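Here's the letter readout for the chains.
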Amino acid sequence: MPRRSGIWQRKGRGWWTTINGKQIPLGVDRREAEKSLARLVLGQGGSIPRISTAELTQLWLDDLKSTRRDLTWRSARQFPRVWCKRFGRTRAAELRPLHITAWLESQPTWGKSTRAIAVRAVKACFAWGLDQGYLETHPIQRLRAPQTQRRAPISEEHLAAWMAAIRCTELRAWVEVS
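Definitions and limits used
- Residues numbered from 1 in each chain as written.
- Predicted model: local features only at pLDDT ≥ 70, side-chain atom pairs only at ≥ 80, totals over all residues.
- Heavy atoms only, no water.
- Helix = DSSP H or I, 4+ residues; strand = E, 2+ residues; numbered from the N terminus.
- Contact = heavy atoms within 4.5 Å.
- Polar contact = N/O pair within 3.5 Å; in protein donor to acceptor, adjacent residues only side chain to side chain.
- pLDDT = per-residue confidence, 0-100.
- Pairing = 2+ DSSP bridges.
- Axes fitted to C-alpha atoms, helices over the stretch in contact; angles between N-to-C directions.
- Parallel < 35°, antiparallel > 145°, perpendicular 65-115°, else oblique.
- Left-handed = near helix turned anticlockwise from the far one by under 90°.
- Buried < 20%, exposed > 50% of the residue type's maximum accessible area, 1.4 Å probe, protein only.
- Core = buried A, V, L, I, M, F, W, Y, C linked by side-chain atoms within 4.5 Å.

**Some remarks on the environment of H138**
Thought 1: By the element assignment, H138 lies in the loop between α6 (112-132) and α7 (156-165).
Thought 2: Every residue in contact with H138, bar those within four places of it in the chain, is listed here: K123, F126, A127 and L130.
Thought 3: Among the polar contacts made by the side chain of H138, one reaches the main-chain carbonyl oxygen of K123 at a distance of 3.3 Å.

What follows is the structure in structure tokens.
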């Protein structure tokens, strides 16, 4: 079975792919190139490519890295590493909410907030895959993130004790302004 078509960038010449041994230019912008590739693959095979969860996740992370700030990308890549260990070979379209729920339950050290963030990350990846044309439907769209509780605000007494413990005057001034 042939490998799924990928894209690469030629310095100063935009994004390209190879289909049936022929190199095809896709455009200068990565997002547009990915959309062009999806249209090409759809036009050839008549259906959405059978992309694995690991492939979809890597494409999503590559897009995040090129379109978001570095801090956003670094924090977003935490959970994909974990879910790809479990579901990397699974076809993205075959994943269901019950799979994600079982995966979350297999993480005993994660609290409700961490689980909620993980669900949001997985759903963002699959929504991106749908938007880009890698998926026909969003297989985990109805998955709900666990309810989280807001933490109580710090009391005036605790704040005063914390501020008194700061010895560095520059740090104390910065904290007071913040």
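Structure's up, so let's keep going.
**Notes on the confidence of the model for the protein chain**
Thought 1: Across the protein chain, the average pLDDT comes to 82, with 91% of residues at 70 or higher.
Thought 2: For the protein chain, helix α1 (residues 30-45) is the element with the lowest average pLDDT, namely 72, and helix α5 (residues 97-105) is the one with the highest, namely 91.

**What about the sheet that holds strand β2 (residues 14-19)?**
Thought 1: The sheet built from 3 strands is open, its strands ordered β1-β2-β3 with antiparallel pairing. For this open sheet the edge positions go to β1 (7-10) and β3 (22-27), each flanked by a neighbour on one side alone. Direction aside, neighbouring strands of the sheet carry axes that sit 40° apart on average.
Thought 2: Pairing analysis gives 5 bridges linking β2 to β3, with the strands arranged antiparallel. The partner of T18 across the bridge, within β3, is Q23.

**Comments concerning the packing of helix α2 (residues 53-67) against helix α4 (residues 78-87)**
The geometry of a pair of packed helices is captured by two quantities: the angle between their axes and the separation between those axes.
Thought 1: Two elements in contact, α2 and α4, have axes separated by 9 Å at closest approach and are oriented at 160°. The orientation of α2 with respect to α4, classified from their angle, is roughly antiparallel. Helix-helix and strand crossings are classified by hand; for α2 and α4 the assignment is left-handed. Facing T53, A54, T57, W60 and L61 of α2, the residues of α4 in contact are P80, W83, C84 and F87.

**As for the pairing of β2**
It is a general feature of regular strands that their side chains alternate between the two faces of the sheet.
Thought 1: For β2, the buried fraction is high: 5 of the 6 residues fall into the buried class.
Thought 2: In the sheet, β1 pairs with β2 via 4 bridges, with the strands oriented antiparallel. Counted as the bridge partner of I7 is T17 from β2.
Thought 3: Turn length for the β1-β2 hairpin, with the two strands adjacent in sequence and antiparallel, is 3 residues, and the turn residue G12 shows positive phi of about 75°.

**Topic: the nonpolar core**
Thought 1: Counting 28 residues, the largest nonpolar core has L56, W60, W83, I100, W103 and F126 as the members making the most contacts within it.
Thought 2: The element best represented in this core is α6, accounting for 7 residues.
Thought 3: Residues contacting W60, with those up to four places away along its chain left out, are A76, P80, W83, A121, A124, C125 and W128.
Thought 4: Core analysis: the second largest hydrophobic core is formed by 6 residues, I7, W15, I19 and L26 among them.

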